[in-house]
Amino acid sequence: NPVSFETQWETSLAPGAQPYWLAFSPDGRRVYAPSKVDTLTVLDAATGKRLNSISGLENILDGIAVSPDGRLIALCQKVKLSVRRAEDLQELWSVAALPERCATFSPDGKWIATGDQDGAVSLWEVASAGRVRRALRGHAASVSGVSFHPDGTRLVSCSFDGRIKIWDWREG
């Protein structure tokens, strides 16, 4: 309740499955909750009811992004980036990568940017199953946050080096 600041609902995931990141679907109807271990849970945002979950995912789930149309989910899994269908959590593709806690879709949903452990910002083309990749280099430590400008022309990143950078990512 926004006026009283009361909790609308709360829930727990499986024992030991601490939620590590959260993301709303663009329509606000679902909450995606990857756990630090190996489970991704989908909750009804109005009730907290568990709608779907998958477990047995290898590696730590260390970041999540939902595409602007709500059809895709990008998961950072320490040694890979995977893209799944939001409706059934089926993996569509994955690529070897070193994502560090963050991913974001471009406003048009055609690109995914990840902040990487080596200080780079990597750009993955969704339509090519991640095969077209560009890297923006300039941070001296792991990139901890990435976000596209709403018009899609620029990308902002921050890093454990203490710096924030704005990139004209289409120019490289």
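Counting starts from 1 at the beginning of each chain's written sequence and moves along it residue by residue. Local features are withheld for residues below a pLDDT of 70 in this predicted model, meaning they are given only at 70 or higher, and side-chain atom pairs are given and counted only at 80 or more; totals for whole chains, interfaces and linings count all residues. Hydrogens and water are ignored here; the side-chain numbers use all heavy atoms of the structure.

A. How the structure looks around unusual backbone geometry. Located in the positive-phi region is leucine 89, a residue other than glycine, with phi close to 65°. Helical segments are the DSSP runs of H or I of at least four residues, strand segments are the runs of E of at least two, and each set is numbered from the N terminus. Relative to the assigned elements, leucine 89 resides in the loop between strand 7 (80-85) and strand 8 (91-96). The rule is simple: take the accessible area with a 1.4 Å probe, protein chains only, and divide by the maximum for that residue type; under 20% is buried, over 50% is exposed, in between is partly exposed. You can call leucine 89 buried: its relative accessible area is 1%. In this model, alanine 129 sits at a positive phi of 55°, which is unusual for a non-glycine residue. On the secondary structure map, alanine 129 appears in the loop between strand 11 (120-125) and strand 12 (133-137).

B. Here's a closer look at the nonpolar core. Residues Ala74, Leu81, Trp93, Phe105, Ile112 and Trp124 are the most contacted members of the largest nonpolar core, which totals 15 residues. Listing elements by their share of this core, those giving two or more residues are strand 6 (72-76), strand 7, strand 8 and strand 9 (99-105). Broken down by element, the residue count for this core peaks at 3 residues, all from strand 6. Should any heavy atoms of two residues lie within 4.5 Å, those residues are considered in contact. For leucine 81, the contacting residues outside a window of four places in its chain are Ala74, Leu75, Trp93, Ser94, Val95, Ala97, Ile112, Thr114 and Trp124. One finds Tyr32, Ile73, Leu75 and Ala86 within the second-largest nonpolar core, a separate group that totals 13 residues. Buried Ala, Val, Leu, Ile, Met, Phe, Trp, Tyr and Cys residues form a nonpolar core when they are joined through side-chain atoms within 4.5 Å.

Take it as geometry only, folks, not as evidence of what the structure does.
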